[in-house]
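Survey of secondary and tertiary structure
Listed below are the residues making up each chain.
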Amino acid sequence: FLLRSDKPQCQPSGYRILDTPARALSSQVDFDFPLCDNNLEEAWYKLEIHGIPAEIPTKCPLIGSCGTHAQIWMQPEGHPEFGEEKNGSACVAWEGVKRVCCLWQLPVHVTHCGGFLVYHLKKTEECSTAYCAKEGNNRLFSFIGYPLTQ
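Let us look at the structure shown here.

**Here's the deal with the nonpolar core**
Core analysis: the biggest nonpolar cluster contains 21 residues, and Leu47, Ile56, Met74, Val108, Tyr119, Leu121 and Tyr131 have the highest contact counts within it. Put simply, the parts of the chain that give this core at least two residues each are strand S2 (43-49), strand S4 (70-74), strand S5 (85-95), strand S6 (99-112) and strand S7 (117-121). Of the residues forming this core, the biggest block, four residues, is contributed by S2. Counting six residues, the second-largest nonpolar core is a separate cluster that includes Tyr15, Trp44, Phe116 and Val118.

**Considering the state of the cysteines**
Linking two cysteines covalently through their sulfur atoms gives a disulfide. Considering all chains together, one arrives at five disulfides under this definition. Two residues, Cys10 and Cys113, share a disulfide whose sulfurs are 2.0 Å apart. Judged by the sign of its S-S torsion, about -75°, the bond between Cys10 and Cys113 is left-handed. Separated by 103 residues along the polypeptide, Cys10 in the segment before strand S1 (16-19) and Cys113 in the loop between S6 and S7 bring together distant segments of the chain. A single burial state applies to Cys10 and to Cys113, both of which are buried. Among the cysteines of the protein chain that take part in disulfides, numbered as they appear in the sequence, the pairing is 1-8, 2-9, 3-6, 4-10, 5-7.

**As for unusual backbone geometry**
Look at the link from Cys127 to Ser128: it is a cis peptide, with omega at 5°. Note on placement: Ser128 falls in the loop between S7 and strand S8 (129-131).

**Side note on the pattern of salt bridges**
Within the structure shown, the criterion is met by five salt bridges. Two residues, Glu85 and Lys7, come together in a salt bridge whose shortest N-O distance is 3.5 Å. Taken as a pair, Glu85 in strand S5 and Lys7 in the segment before S1 lie far apart in primary sequence, 78 residues in all.

Reading guide: rules and limits
- Residues numbered from 1 in each chain as written.
- Predicted model: local features only at pLDDT ≥ 70, side-chain atom pairs only at ≥ 80, totals over all residues.
- Heavy atoms only, no water.
- Core = buried A, V, L, I, M, F, W, Y, C linked by side-chain atoms within 4.5 Å.
- Buried < 20%, exposed > 50% of the residue type's maximum accessible area, 1.4 Å probe, protein only.
- Helix = DSSP H or I, 4+ residues; strand = E, 2+ residues; numbered from the N terminus.
- Disulfide = S-S within 2.5 Å.
- Salt bridge = Lys/Arg side-chain N within 4 Å of Asp/Glu carboxyl O.

Note that every value here comes from positions in space, so none of it alone points to a role or purpose.
Given below as structure tokens:
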């Protein structure tokens, strides 16, 4: 059985689902309609891609990925282990004269709920800036707090 944290933000009523396939790492920006999270309501979010749990990547995304011009990604130390909550930093990557992987930072609170992560996200101030998503990896699916091995 899959354990789930008893934290309120891990319960179905404690988070919103953000399932926007265009924000996937593999999704190229549509220059006519780039993603922008300037209307995102402040809340806890579970990221999904086509209904599959996803997470904010912990490496600088490629230029033009995630369906936007400025991709938001997490510093690796911001990702928690099972049952943990962490205050992390998200970076905004931008392509100007040269690629800048962390032009500025945003605070992001993260909770590991067992089979998925939830993020306390806020709207972005600029466009086209959006949170990036990648399919979750096996370390998220924990039984008795231990990650599955491949």
